[in-house]
Structure formats: C-alpha cells, structure tokens
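A look at the structure
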Amino acid sequence: GIAAYGIGTVICITPAFSKMPNLKVMRKNALNIEHHTVPNLFVSFLYNFTGGSALKWFRDNFGEKEKMLAEKTDKDPYDILLEQIPEGPTDLLLLPHFAPTGPPLFESRSSGVLAGLSLNTTKGETLKAILEGVTYYFKEGVEYLKKAGISIREFRPAGGGAKSRKWTM
C-alpha cells in the first residue's frame, strides 16, 4: 500500500507489494514487475522523463529574474519561483510529453502542450500547471495498478522535489 514517489529530473512512482498482481492486467497496460531488494517483495515502476525537467526548463527559460535574486539572497531559485504559485488548481492543462513518456503510454513521438492560456495567465499559474500536469500524468497508471490488485494508500516523496512543500501538498 506504500509507494515511493521520486520527484526529480524524472518522476517515478514505485509501489512495493507482496502478492503477485493480475498478470493479464499488468501486461495489457504495459506495467512491469521487478524483484524488490527485500525478500518476498516486488515493485513496479510508473515514470515520466519530463518530470522535474519541465520545471527546470521553465526556470532556465522564464526564471532569469528569480535566478538573479537567488544568487543575491542565497536562496534556491525554485523556492523563489514556487512562491508565486496560486492556491488551488489552475484552469490550465499541461500534457507533460516534453520527453518520451513511460508506462503505460511509452510515447516517444508526442510533444508537450500547455492548454488554456489567456492574456491573464500568470507565471505562477503556469508553474502550477507544470506541477499539476506532471503529477496528473500518473493517474491512469495508478488506476491500472489498482485494477491489477496493487492499491496505493500512501505516497512517500523522495528526491529533490520532495523538499518542496509546494509540490508535495
């Protein structure tokens, strides 16, 4: 019932389980099963290569002011950027296909999309849409795992993004 939620350049959800899931459902949805390092446990992986890379892309292309402020104040530029995100969900939708995707799609030909932009869209809303999009990407995979008998009750964040309260809330 517990899954590691690695938040970094690549995002990876790794549930651990002891009972073999429904193999037909796993195969149909391109989900894997691997041995855990702990005896009698197994893991599966959901990942997306866009992950935190999308946030880095935004920082590098649209966060020059925040990067300069970070150098002057000895703060992390990501913290400065993420202070701008609004509460609650945005009206934007990000398709996080900036790089090839992992299971269940394994799509290498698509491109990222940011839909719903208007002349009133703020930098903070765009940042929030990135966090929402790369997180929402995993909904389908988590549902397929559940259909196979792997239910996740708790996600335990790890990696650089786990330090961000804004990303893990």
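Residues numbered from 1 in each chain as written. Predicted model: local features only at pLDDT ≥ 70, side-chain atom pairs only at ≥ 80, totals over all residues. Heavy atoms only, no water.

Details of the pattern of salt bridges
Rules: A carboxyl oxygen of Asp or Glu within 4 Å of a side-chain nitrogen of Lys or Arg is what we treat as a salt bridge. The helix and strand labels rest on DSSP assignments: H or I over at least four residues marks a helix, E over at least two residues marks a strand, and numbering proceeds from the N terminus.
Tallied over the full model, the rule gives nine salt bridges. A salt bridge links Lys 123 to Glu 66, with the nearest nitrogen and oxygen atoms 3.1 Å apart. Taken together, the residues Lys 123 in helix α5 (residues 123–136) and Glu 66 in helix α3 (residues 64–73) connect sequence positions 57 residues apart. Between Glu 83 and Lys 75 there is a salt bridge, and its shortest N-O distance comes to 3.8 Å. Here the salt bridges do not stand alone but share partners, grouping Lys 56, Arg 59, Asp 60, Glu 64 and Lys 67 into one network.

What to know about the nonpolar core
Basically, it comes down to this: What is meant by a nonpolar core is a set of buried Ala, Val, Leu, Ile, Met, Phe, Trp, Tyr and Cys residues, joined one to another through side-chain atoms within 4.5 Å. Only protein chains enter the accessibility calculation, which uses a 1.4 Å probe. A residue is then buried if its area is under 20% of the maximum for its type, exposed if over 50%, and partly exposed in between. When checking whether two residues touch, look at their non-hydrogen atoms; a contact exists if any pair is within 4.5 Å.
By size, the foremost hydrophobic cluster in this structure holds 30 residues, and its most contacted members are Ile 11, Ile 13, Leu 145 and Trp 167. Breaking this core down by element, the ones donating at least two residues are β1 (2–7), β2 (11–17), α1 (23–28), α2 (51–62), α4 (77–82), α5 and α6 (139–147). Here the element with the most residues in this core is α5; it accounts for four residues. The residues contacting Ile 11, other than those within four sequence positions of it, are Tyr 5, Gly 6, Leu 46, Tyr 47, Asn 48, Gly 51, Gly 52, Val 134, Phe 138 and Trp 167.

Notes on unusual backbone geometry
Peptide bonds are, in most cases, trans, and in most cases residues other than glycine have a negative phi. Note the cis peptide between Pro 103 and Pro 104, where omega equals 5 degrees. Here Pro 104 shows up in the loop between β6 (93–95) and β7 (113–115). For Ala 30, which is not glycine, the phi torsion reads 55 degrees and is therefore positive. Mapped onto the fold, Ala 30 is located in the loop between α1 and β3 (34–35). We note that Asn 40 has phi near 70 degrees; this positive angle belongs to a residue other than glycine. Tracing the backbone through its elements, the reader meets Asn 40 in the loop between β3 and β4 (42–43). The exposed category is assigned to Asn 40, whose relative accessible area is 67%.

Quick word on α5
Selection criterion: Here a helix's expected span is defined as the number of its residues, less one, multiplied by 1.5 Å.
Over its 14 residues, α5 extends 20 Å from the first C-alpha to the last, a length consistent with the 20 Å expected when each residue adds 1.5 Å. Among all positions of α5, only Gly 124, Thr 126, Leu 127, Lys 128, Ala 129, Ile 130, Leu 131, Gly 133 and Val 134 are buried. Turning to α5, the residues buried within the fold contact β2, α2, α4, β6, β7 and α7 (165–168).

Observations regarding the packing of aromatic side chains
Quick reminder of the rule: Any two of the Phe, Tyr and Trp rings considered here, Trp counted by its six-membered ring, make a pair once their centres fall within 6.5 Å; the pair's planes then place it as stacked at under 30 degrees, edge-to-face at over 60, or tilted in between.
Tallied over the full model, the rule gives eight aromatic pairs. Note on Trp 57 and Phe 98: the rings are 5.3 Å apart at their centroids and 75 degrees apart in plane angle, and the pair reads as edge-to-face. Of this pair, Trp 57 sits in helix α2 while Phe 98 sits in the loop between β6 and β7, and the two are 41 residues apart along the sequence. Among the residues examined, Trp 57 registers a relative accessible area of 38% and is labelled partly exposed. According to the relative accessible area criterion, Phe 98 is partly exposed, its value standing at 36%. Each member of the aromatic cluster is reached from another via a ring pair, and the members are Trp 57, Phe 58, Phe 62 and Phe 98.

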